[in-house]
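These are the residues of each chain, in order.
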Amino acid sequence: MLKTIMQAALGAVFMCLIALAPGAGVAAEFIIEPLDYDIPAEVEAAAADGKNLVVMFGQNGCPYCDKMHKRVFPHPKVAALYGEHFVMFEINIKGDLEVVSHDGEDTTEKQYASKMRARATPLFVFYGKDGKDVLRLTGYQEPGIFMTAARYVSSESYKDGTSFMSFVRSGK
């Protein structure tokens, strides 16, 4: 019996070590860390690759931001869809890093977040290939609705005047 308990304990320790190992788990490949937080340059670089930019406004300790990172971003279908169509990075709504806003203004993360009215987090701002803000989603998003947002923006359905809610209702 003692041998069985020891084997179970060693197995549990082994599984914990695997889970904590660097690179363990699924990483969402579409998340990047921008080098300069230059929104117009990021939009241009993404568009050159046939992709759109998504900026996630978040903050340290945000439970819904953490939930997006742990449950939604690693989802295989989300990672595949966003990896194919988007470049994404985060801005800390309380951060002091320098940012070049979508309209070319030099500012800080928190000033840009205020300008973008990012009060609740997470806030996802999807930019068209022309640099215009085409969709905003606030709060935790289940994988299904997050993928619908990706299809809405990547298909450019907003260009013909279709609202996001109409797009959702259409089941596309």
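None of these values were measured; they are calculated from a predicted model.

Asks: Talk me through the nonpolar core; I want residue IDs and the actual numbers.
Replies: Y82, F124, F126, L135, L137, F146 and V153 are the most contacted members of the largest nonpolar core, which has 27 residues in total. Those elements that place two or more of their residues in this core are β1 (52–58), α3 (63–72), α4 (76–85), β2 (86–92), β5 (123–127), β6 (133–138), α6 (143–154) and α7 (164–170). For this core, the leading source of residues is α6, giving 6 residues. Dropping the residues within four chain positions of it, L135 is found in contact with F124, V125, F126, A149, Y152, V153 and F164. Formed by 19 residues, the second largest nonpolar core is a distinct cluster that contains V55, I91, I93 and V125.

Asks: Can you tell me about helix α2 (residues 39–48), naming the residues and giving the values?
Replies: Inspection of α2 places I39, E42, V43 and A46 among the buried residues, and these make up the whole buried set. Angular distribution of buried residues about the axis of α2 spans 100 degrees; they occupy a single face of the element. Opposite the buried face of α2, at more than 90 degrees from it, the exposed residues are E44 and A48. Contact partners of the buried residues in α2: β1, β2, β3 (98–100), α5 (109–115) and β5.

Asks: Break down the packing of aromatic side chains for me, citing the residues and quoting the values.
Replies: Tallied over the full model, the rule gives 13 aromatic pairs. Aromatic ring contacts, followed pair by pair, group F73, Y82, F86, F124, F126 and F146 into a single cluster.

Asks: Describe the sheet that holds β1, and please don't skip the residues or the numbers.
Replies: The mixed open sheet is built from 4 strands, whose spatial order is β2-β1-β5-β6. The sheet is open, and its two borders are formed by β2 and β6, each paired with just one other strand. Neighbour to neighbour, the strand axes of the sheet diverge by 20 degrees on average, direction disregarded. Where β1 lies against β5, 5 bridges are found, and the strand directions are antiparallel. Pairing of L53 across the sheet is with Y127, part of β5. Against the sheet, α2 makes contact with β1, β2 and β5, and its axis sits at roughly 140 degrees relative to β1, the strand it touches most.

Asks: Let's hear about the pairing of β2: which residues, and what values?
Replies: Counted residue by residue, β2 has 5 buried out of 7 residues, so it is predominantly covered. Across 7 bridges, the pairing between β1 and β2 is parallel. Bridge pairing in β2 places V54 opposite M88.

Asks: Go over the packing of α4 against α6 with me, naming the residues and quoting the values.
Replies: Axis separation between α4 and α6 bottoms out at 10 Å; the angle between their running directions is 20 degrees. For the element pair α4 / α6, the angle class is roughly parallel. Considering the relative orientation of α4 and α6, their crossing is left-handed. Where α4 abuts α6, its residues K77, V78, L81, Y82 and H85 lie against P143, F146, M147, A149, A150, R151 and S154. Looking at side-chain class alone, the contact of α4 with α6 contains 8 nonpolar, 2 polar and 2 charged residues.

Conventions we followed
- Residues numbered from 1 in each chain as written.
- Predicted model: local features only at pLDDT ≥ 70, side-chain atom pairs only at ≥ 80, totals over all residues.
- Heavy atoms only, no water.
- Core = buried A, V, L, I, M, F, W, Y, C linked by side-chain atoms within 4.5 Å.
- Buried < 20%, exposed > 50% of the residue type's maximum accessible area, 1.4 Å probe, protein only.
- Helix = DSSP H or I, 4+ residues; strand = E, 2+ residues; numbered from the N terminus.
- Contact = heavy atoms within 4.5 Å.
- Arc of directions from axis to C-beta.
- Phe/Tyr/Trp six-rings, centres within 6.5 Å; stacked < 30°, edge-to-face > 60°.
- Pairing = 2+ DSSP bridges.
- Axes fitted to C-alpha atoms, helices over the stretch in contact; angles between N-to-C directions.
- Parallel < 35°, antiparallel > 145°, perpendicular 65-115°, else oblique.
- Left-handed = near helix turned anticlockwise from the far one by under 90°.
- Nonpolar A, V, L, I, M, F, W, Y, C, P; charged D, E, K, R; others polar.

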